[in-house]
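Structural characterization, general
These are the residues of each chain, in order.
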Amino acid sequence: MNGESVLSARALSAGYGRSVIVSGVSFEIRGGEILTLIGANGAGKSTVLRTIAAQLPAVSGSVFLGQSRLAALSEPEIARQMSVLLTERIRTERMTCEEVVETGRYPYTGRLGILSKEDHRIVEEAMALAGVTALREQDFRRISDGQRQCVMLARAIAQEPAVLVLDEPTSFLDIRHKLRLLTLLRALVREKQIAVVQSLHELDLAQRFSDRILCIRSGTAERIGTPEEIFDGGYIERLYDLPAGSYHALYGVAEPEPVRGRPEVFVIGGGGSGIPVYRRLWRQGIPFAAGILPKNDIDYPAAAALAGSVIAAEAFEPIGEAALRQARETMHTCRRVICCREHFGTIEQANALLREEAAAAGLLSET
Amino acid sequence: MDQKRMLRRFGGFLLLGVLCAVFFLLETVTGSSSISIETVREVLTGQSADEAARRILLDIRLPRAAAALLLGGALSVAGFLLQTFFANPIAGPFVLGISSGAKLTVALAMIASLQSGIALHAGSLVAASFAGSLASMGIILLISGRIRNMAQLIISGVMIGYVCSAVTELAVTFADDANIVNLHNWSMGSFSGTAREDIGVITVIVLTGTAAAFLLSKPLSAYQLGESYAENLGVNLRVFRLLLILLSSLLSACVTAFAGPVSFVGVAVPHLVKGLFGTAKPIIMIPASFLCGAAFCMGCDLLARMLFSPLELSVSTVTAVFGAPVVLWILIRRERERSM
């Protein structure tokens, strides 16, 4: 791996004409790295990407491709070093997928754009890498969105870029194709030492597939860092203006706000058994309380987000007297109790006790 | 598969080449006085003793056939360029009002020259026509910046065409001169008015324009993917768009200057070619459109002359009969594709 930066931005302001949409963009990426831009809709991710891809002039500051300023390079020079995959759909006419991939070779062909043997070999290789060789003769208009995106990726690869710029490459794809595309990208980056700049909406994917993340919020590039740095300390909620605690970075799930009001149902959960019940109650608009959950239980983040109140116990410790007392009080103010568990372990006998009490009081309900 | 594709392309060019040759020959031998192929050969090699046949061939039939060939080709190439430029399959010089704009300025130039008694050179006719084409193109460009819908753009073009035609009619009505009949004939679209001296200018403009378009086939095919991708592939959009506008205007201006507005060829021919060759690659489309347009216009001209002989139809009447259904077919097919 070479340590030289392939693409960098210094104090870049991106926008249209003189009006700045995003300012303060500074980063440096090397070959083999993926930089992902995240931020709310309309934050200006696409504007930054278009500026990096030389489709918009920088309002101020500059972008460097290798050691050269982007603004000083000619169109063909840029074309040989950078390829793009954009959100705009291309409208082809009578073009096979292979012909679409072949367009990636244009910066390397002569006056009339006729491909050489070597060009064909590279096209072939790019299609194999993107897994679209079988689609070769298919009409580009008649394949699925997922396949189309892979063909467009093959096209971008065939351009043999040092930098690949992708604007929301996973939008409109189903979950399988999202994973496939990003896995492919990851492998490609490793193999060819390409630097990738992309924007993503899926936070969980951004977290898993990026080396570095650039966060854009209210007109500025607010933070840049590793996924660990960005997805820590509740920053994501601030980035997207979400209520604190609603995004759980380890699961990559954002929960909606809880139903307010006095709890009507008490849910005894734990170990994942509670989540479906929390979600169902939330959908029905019924305020509920959840307990007694150790803070490291997988039910805990969902309960913390969706339940009106959560009775929690310290992680890895037996449930204490105080928690039991509090749970008992809350439970008796509810009209019914749902117990999601059959069996309780040694450190959470308090929950077994709660169930017995609920049954005795006739509060226990199946649903 | 590659071989099959090559065969199809070769076959396509062969077919178009043969059609061009046959129609060209028919243009020279048929007419009110029939001239045998033998005589044609003799005239061309300069051995003919028949002065009447010589005059008919060299002054009337050959210029007419050459005009149909060259201008038909130019019109189709212009149509293809405009379709690519506007990313609109039913764009063309006629439907976008570019031909009518050219018609207006040419008519004005003709009337002015008749009244002042200064004869118009072929070159100045083209210049007038080019100015009109560019003016219409400018208006269309302004409109296309505001509307994205392909049908609306075409409607705007048709409206521009109507306005230009109305003004032309007005100018023709109030210009009192015996030669107006001539002007009227031309304003309906016809290859008959082309003089032997004009062929030189036509050849130069059409061949240069077509060759230039052919040299643009690489950026054209990048442009087919959309502006952003074209830019990423290293196309200088500003220069490229300007060239495209100038070339398509020049080619359609040349047609209008000598043959008047000829309808639907620019729209229909590129689509016939796409169907025939199974591709929309500019490197194929430009030469093939040229040949197909040449054959199409010569064929239509033959029909215009022969159908109700000795009465002659305007060539636009015939091209519309064949061309307009193609446009309808495109619209219907697109609708079906969208619902797929």
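Residue positions within a chain follow its written sequence, with the count starting from 1. Lettering for chains starts from A, numbering for ligands starts from 1, and both go in the order in which the items are written. Reporting in this predicted model follows two pLDDT cut-offs: at least 70 for local features of residues, and 80 or more for side-chain atom pairs to be given and counted; totals over whole chains, interfaces and linings ignore these cut-offs and use all residues. Where side-chain values are given, they derive from all heavy atoms of the structure, hydrogens and water being excluded.

Focus on the overall build of chain A
- Runs of E in the DSSP output that reach at least two residues are strands. Runs of H or I that reach at least four are helices, and both are numbered from the N terminus. When helices and strands are counted, chain A shows 13 helices and 17 strands.
- Against the compact-globule benchmark of 21 Å for 367 residues, chain A has a radius of gyration of 26 Å, which places it well outside the compact range.
- Structurally, chain A occupies a C-alpha span of about 85 × 45 × 35 Å along its principal axes.
- Any two residues whose heavy atoms approach within 4.5 Å are treated as being in contact. Within chain A, residue pairs in contact and separated by at least 24 positions form 66% of the contacts whose partners lie at least 6 positions apart.
- Carbon and sulfur atoms make up 51% of the accessible area of chain A, which amounts to about 16500 Å² in all. The globule rule used for comparison is 2.2 Å times the number of residues to the exponent 0.38, while the radius of gyration itself is calculated over C-alpha atoms. Per-residue accessibility takes into account occlusion by the displayed protein chains alone, with areas from the Shrake-Rupley method and a 1.4 Å probe.

Considerations on the overall build of chain B
- When its secondary structure is counted, chain B shows 14 helices and zero strands.
- Seen in sequence order, chain B has helices and strands lined up from the N terminus as α-α-α-α-α-α-α-α-α-α-α-α-α-α.
- Relative to the globule expectation of 20 Å for 340 residues, the C-alpha radius of gyration of chain B, 20 Å, shows essentially globular dimensions.
- Its C-alpha atoms give chain B principal-axis dimensions of about 60 × 55 × 35 Å.
- Counting only carbon and sulfur atoms, one obtains 68% of the accessible surface of chain B, whose full area is about 14900 Å².
- Distance between charge centres in chain B, computed from 23 positive and 18 negative side chains, equals 14 Å. Charge counting treats Lys and Arg as positive and Asp and Glu as negative, with His and both chain ends excluded. In plain terms, the charge of a residue is placed at NZ if it is Lys, CZ if Arg, CG if Asp and CD if Glu.

Let's talk about the pattern of salt bridges
Residue and element names in this part refer to chain A.
- Salt bridge, as used here: a side-chain nitrogen of Lys or Arg that lies within 4 Å of a carboxyl oxygen of Asp or Glu. Taken as a whole, this structure holds 35 salt bridges over all chains when the rule is applied.
- Glu124 serves as the salt-bridge partner of Arg136, at 2.6 Å between the closest nitrogen and oxygen. Placement of Arg136 in the loop between helix 4 (117-130) and helix 5 (145-158) and of Glu124 in helix 4 is noted, with a sequence separation of 12 residues between them.
- Because the salt bridges share partners, they merge into one network encompassing Glu118, Arg121, Glu125 and Lys192.

Regarding the interface of chain A and chain B
- Counting residues at the interface gives 35 residues for chain A, matched by 33 residues for chain B.
- Summed over both partners, the accessible surface that disappears when two parts come together, traced with a 1.4 Å probe, is what is meant by buried area. Where chain A abuts chain B, roughly 2900 Å² becomes buried across the two surfaces, and 48% of that area is made up of carbon and sulfur atoms.
- Where chain A meets chain B, there are four salt bridges.
- Residue A:Glu99 is joined to B:Lys281 by a salt bridge in which the shortest nitrogen-to-oxygen separation is 3.8 Å.
- Between N or O atoms, a polar contact is any pair within 3.5 Å; within protein, one atom must be a potential hydrogen donor and the other a potential acceptor, and residues adjacent in sequence are included only when both atoms are from side chains. On the surface where chain A and chain B come into contact, there are 13 residue pairs in polar contact (both at pLDDT 80 or more).
- Put simply, the parts of the chain that give the side of chain A that touches chain B at least two residues each are helix 2 (75-79), strand 6 (82-85), helix 3 (97-102) and helix 5 of chain A.
- In terms of residue count, the dominant contributor to the side of chain A that touches chain B is strand 6 of chain A (four residues).
- Ten residues, namely Ala, Val, Leu, Ile, Met, Phe, Trp, Tyr, Cys and Pro, are considered nonpolar, four, namely Asp, Glu, Lys and Arg, are considered charged, and the remaining ones, Gly among them, are considered polar. Taken together, the residues of the side of chain A that touches chain B break down into 14 nonpolar, nine polar and 12 charged.

Considerations on the nonpolar core
- Think of a nonpolar core as a cluster: buried Ala, Val, Leu, Ile, Met, Phe, Trp, Tyr and Cys residues, connected wherever their side-chain atoms sit within 4.5 Å. Relative accessibility thresholds used throughout: buried, under 20% of the residue-type maximum; exposed, over 50%; partly exposed, between the two (1.4 Å probe, protein chains only). Of all hydrophobic cores here, the largest spans 171 residues; its most connected members are A:Ile38 and B:Leu71.
- Among the elements that line this core, the one with the most residues is helix 3 (residues 51-86) of chain B, at 14 residues.
- Sequence-distant contacts of B:Leu71, defined by excluding residues within four places in its chain, comprise B:Phe191, B:Ile202, B:Val206, B:Cys254, B:Val255, B:Phe258 and B:Ala259.

Topic: the domain arrangement of chain A
- These domain limits were set by an automatic method or by a database of domain assignments. Entries for chain A in the domain assignment read domain 1 (5-239) and domain 2 (255-365).
- Averaged C-alpha coordinates put domain 1 of chain A and domain 2 of chain A at centres separated by 46 Å.

A short note on the packing of aromatic side chains
- Pairing of aromatic rings covers Phe, Tyr and Trp, the last through its six-membered ring, and needs centres within 6.5 Å; plane angles under 30 degrees mean stacked, over 60 mean edge-to-face, and all others mean tilted. Enumeration over the complete set of coordinates arrives at seven aromatic pairs over all chains.
- With a centroid separation of 6.0 Å and an interplanar angle of 50°, the aromatic rings of B:Phe94 and B:Phe264 are classed as tilted. With B:Phe94 in the loop between helix 3 and helix 4 (98-116) and B:Phe264 in the loop between helix 11 (237-259) and helix 12 (265-277), the pair connects residues that are 170 residues apart, well separated along the chain.
- We classify B:Phe94 as partly exposed; its relative accessible area is 29%.
- In this structure B:Phe264 comes out as buried when scored by relative accessible area, which is 19%.
- A ring pair is formed by B:Tyr223 and B:Phe240, whose centres lie 5.1 Å apart and whose planes are at 50°; its orientation type is tilted. Of this pair, B:Tyr223 sits in helix 9 (residues 217-223) while B:Phe240 sits in helix 11; the two residues are 17 residues apart in sequence, bridging distant segments of the chain.
- Among the aromatic residues, ring-to-ring pairing joins B:Phe85, B:Phe86, B:Tyr223 and B:Phe240 into one connected group.
- The rule for a charge over a ring is simple: NZ of Lys or CZ of Arg within 6 Å of the ring centre, and within 35 degrees of the ring normal. Taking the ring centre of A:Phe64 as reference, the NZ or CZ of A:Arg10 above it sits at 4.1 Å.
- Lying over the aromatic face of B:Trp329, B:Arg333 brings its terminal NZ or CZ to 5.0 Å of the ring centre.

Focus on the layout of surface pockets
- Roughly 1200 Å³ of volume is contained in the largest pocket.
- Grid spacing is 1 Å over the protein atoms alone, the probe is 1.4 Å, and a cavity is where that probe fits but cannot get out, while a pocket is an open set with protein on both sides within 12 Å along at least five of seven lines and lining residues have an atom within 4 Å of a point. Considering the residues around the largest pocket, the lining is formed by 45 residues, among which A:Arg91, B:Thr84, B:Phe86, B:Ala87 and B:Asn88 are closest to the centre.
- It is helix 14 (residues 315-339) of chain B that contributes the most residues to the lining of the largest pocket, six residues altogether.
- Tallied by class, the residues present in the lining of the largest pocket amount to 18 nonpolar, 12 polar and 15 charged. Grid points are joined across faces, edges and corners, and a volume is the space filled by probe spheres set on the points.

Here we look at the environment of B:Arg64
- Checked against the element boundaries, B:Arg64 lands in helix 3.
- Setting aside its immediate chain neighbours within four residues, B:Arg64 contacts B:Glu27, B:Phe191, B:Ser192, B:Asp301, B:Arg305 and B:Glu312.

So, helix 2 (residues 37-45) of chain B
Residue and element names in this part refer to chain B.
- Every buried residue of helix 2 is listed here: Thr39, Val40 and Val43. Each buried residue of helix 2 sits inside an arc of 105° when the element is viewed along its axis, so together they form one side.
- Contacts made by the buried residues of helix 2 are with helix 1 (2-29) and helix 3.
- Looking one or two residues beyond helix 2, the residue adopting positive phi is Gly46, at roughly 80°. As used here, the arc belongs to the directions running from the helix axis to the C-beta atoms.

Details of the sheet that holds strand 17 (residues 364-365) of chain A
All names here are of chain A.
- If DSSP finds at least two bridges between two strands, the strands pair. Reading across from one edge, 15-14-13-16-17 is the order of the five strands in this open sheet, with parallel pairing throughout. The outermost strands of the open sheet, each flanked by one partner alone, are strand 15 (309-313) and strand 17.
- Summarising the sheet, strand 16 (residues 336-339) and strand 17 pair through two bridges and their orientation is parallel. Its bridge partner being in strand 17, Ile338 is matched across the sheet by Ser365.
- Angles run from 0 to 180 degrees between N-to-C directions of axes, and those axes are lines fitted to C-alpha atoms, restricted for helices to the stretch in contact. The strands touched by helix 12 (residues 321-333) are strand 13 (265-268), strand 14 (288-294), strand 15 and strand 16; relative to strand 15, the strand with the most contacts, the crossing angle is about 155°.

Topic: the side chain of B:Arg305
Residue and element names in this part refer to chain B.
- Following the sequence through the fold, Arg305 ends up in helix 13 (residues 282-306).
- The buried category is assigned to Arg305, whose relative accessible area is 11%.
- Other than its neighbours up to four places away in sequence, Arg305 contacts Glu27, Thr30, Gly31, Arg61, Arg64, Leu311 and Glu312.

A closer look at the side chain of B:Thr210
All names here are of chain B.
- Among the secondary structure elements, Thr210 is positioned in helix 8 (residues 198-215).
- Accessibility expressed as a relative area gives 11% for Thr210, which makes it buried.
- Not counting residues within four places of it along the chain, the set of residues in contact with Thr210 comprises Val77, Leu251, Ile286 and Phe290.

Regarding the environment of A:Leu173
Residue and element names in this part refer to chain A.
- With respect to the helices, strands and loops of the structure, Leu173 is situated in the loop between strand 7 (163-167) and helix 6 (175-192).
- Between the alpha carbons of Leu173 and Ser144 there is a distance of 9.3 Å; along the sequence they are 29 residues apart.
- Discounting chain neighbours no more than four positions away, the residues touching Leu173 are Asp145, Gly146, Gln149, Lys178 and Leu181.

Things to note about the packing of helix 8 of chain B against helix 11 of chain B
Residues and elements named next belong to chain B.
- Where helix 8 meets helix 11, the axes come as close as 10 Å, and the angle between the chain directions of the two elements is 155°. Judged by the angle between their axes, helix 8 and helix 11 are roughly antiparallel. In the packing of helix 8 onto helix 11, the handedness of the crossing is left-handed. For the pair helix 8 and helix 11, contact is made by Asp198, Val201, Ile202, Ile205, Val206, Gly209, Thr210, Ala212 and Ala213 and by Leu247, Leu250, Leu251, Cys254 and Phe258, respectively. Angles below 35 degrees are treated as roughly parallel, those above 145 as roughly antiparallel, those between 65 and 115 as roughly perpendicular, and all remaining angles as oblique. In this scheme the handedness of a crossing depends on how the near helix is turned from the far one: anticlockwise by less than a right angle means left-handed, clockwise means right-handed.

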